[in-house]
Amino acid sequence: MATTPAEVTSLATSARDLAGVGARVSVCRACPRLVEWRERVAVEKRRSFAAETYWGRPVPGFGSADPALLIVGLAPAAHGANRTGRMFTGDRSGDWLYAALHRVGIASQPTSVSAGDGLTLRGTYITAAVRCAPPANAPTPAERDACRPWLERELTLTWPRLRSIVVLGGFGWAALWPALRAVGAEVPARVPNFGHGVSVEVEGRSVLGCYHVSQQNTFTGRLTEPMLDDVLGRAALLAGLAGHG
């Protein structure tokens, strides 16, 4: 269990594979504000989920054990992944993301409702910049930095096979680049500002920006299904995953 940022670093670097990172993530207690919030939400619950047992812990990444495509989000949703224990599962953001992944041939089914629903991903791993549900979906810079070693370890473990990265939203975009530098990747001296469809090459891998699948974007039309499919389809093609059922 990690209770300080230094302990997060120690615990993360000891993981030998993605499953090991996930197991260590799930017992992290390094950020008191996030621990208090995620656990309170898991007790108070949303009325529509009152009969369910919430996960209420940090949420591990989900997907292939040896991915060619990495998807980086912001943080778990209070009544989505914080409830179900799986990234982008059980909320409208997940509905959008997994439906699109299914359309481009990566997800085995178009829905993700619970950790035991049988969903699998082909050659793809989904993670986040912060692993605990934050109040108002807004982690602090200190919380982001304390959580970064988990992402750094995932990058180290996946880098040899990784060919593309999709970053959902500006928060994840800002969190990714220090993590890449920390693991020794040759990041361009000037990284472009976040934008939908922005692409940056890093050691033969493509990093693509995509508007987040939050309701703020999908309900207003800022992000449409064709826009999302375009970025994910490009990423799948770059990763060698397109056209394989």
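See the structure above.
Caption draft 1: Broad picture of the pattern of salt bridges. Inspection of every chain in the model, using the stated rule, returns 13 salt bridges. Between R83 and E52 there is a salt bridge, and its shortest N-O distance comes to 2.8 Å. Pair noted here: R83 is in helix α4 (residues 81-84) and E52 is in the loop between α3 (32-44) and β1 (62-63), with a separation of 31 residues, a long-range link. For R83, a relative accessible area of 7% translates into the label buried. Taking the shortest distance from any N to any O, the salt bridge between D66 and R161 comes out at 3.7 Å. Taken together, the positions of D66 in the loop between β1 and β2 (69-73) and R161 in the loop between α6 (141-158) and β4 (164-168) put the pair 95 residues apart, joining distant regions of the chain. A relative accessible area of 44% places D66 in the partly exposed class. The class of R161 is partly exposed, set by a relative accessible area of 36%. Members of the salt-bridge network, linked through shared partners, are R29, R38 and E39.

Caption draft 2: Quick peek at the layout of surface pockets. The computed volume of the largest pocket comes to approximately 740 Å³. Forming the walls of the largest pocket are 35 residues, and the residues nearest its centre are A77, S93, N137, S214 and Q215. Mapped onto the lining of the largest pocket, the elements with two or more residues apiece are α5 (92-103), α7 (170-182) and α8 (215-218). Tallied by class, the residues present in the lining of the largest pocket amount to 17 nonpolar, 14 polar and four charged.

Caption draft 3: Representation of empty space enclosed by the protein in the model. With the rule as written, the count across this model stands at one cavity of 30 Å³ or more. Estimated volume of the largest cavity: approximately 90 Å³. Listed by contribution, the elements that provide at least two residues to the lining of the largest cavity are α3 and α6. Sort the elements by how many residues they give to the lining of the largest cavity and α6 lands first, with four residues. In the lining of the largest cavity, the residues fall into eleven nonpolar, no polar and four charged.

Caption draft 4: Structural detail: the environment of L157. Checked against the element boundaries, L157 lands in helix α6. The spacing of L157 and R16 is 141 residues in sequence and 7.9 Å in space, taken between C-alpha atoms. Ignoring anything within four residues of it in the chain, the contact list for L157 reads A15, R16, D17, L18 and V21.

Caption draft 5: Up close: the packing of aromatic side chains. Counted by the stated rule, this structure contains three aromatic pairs. Ring geometry for W173 against W177: centres 5.3 Å apart, planes inclined by 75 degrees, an arrangement best described as edge-to-face. Here the residue W173 and the residue W177 both occupy positions in helix α7, the gap between them amounting to four residues, near one helical turn. Note on accessibility: W173 and W177 belong to one class, buried. Consider the rings of W173 and F194, whose centres lie 5.9 Å apart with planes at 65 degrees: the pair is edge-to-face. Here W173, found in helix α7, pairs with F194, found in the loop between α7 and β5 (199-202); they are 21 residues apart in sequence, far enough to count as distant. Given a relative accessible area of 4%, W173 falls into the buried group. Residue F194 is classed as partly exposed on the basis of its relative accessible area of 26%.

Cut-offs used in this document
Residues numbered from 1 in each chain as written. Predicted model: local features only at pLDDT ≥ 70, side-chain atom pairs only at ≥ 80, totals over all residues. Heavy atoms only, no water. Salt bridge = Lys/Arg side-chain N within 4 Å of Asp/Glu carboxyl O. Helix = DSSP H or I, 4+ residues; strand = E, 2+ residues; numbered from the N terminus. Buried < 20%, exposed > 50% of the residue type's maximum accessible area, 1.4 Å probe, protein only. 1 Å grid on protein atoms, 1.4 Å probe; cavity = no way out; pocket = protein on both sides within 12 Å on 5 of 7 lines; lining within 4 Å. Points joined across faces, edges and corners; volume = space filled by probe spheres on them. Nonpolar A, V, L, I, M, F, W, Y, C, P; charged D, E, K, R; others polar. Contact = heavy atoms within 4.5 Å. Phe/Tyr/Trp six-rings, centres within 6.5 Å; stacked < 30°, edge-to-face > 60°.

Fair warning: the whole summary comes from geometry, so function is off the table for now.
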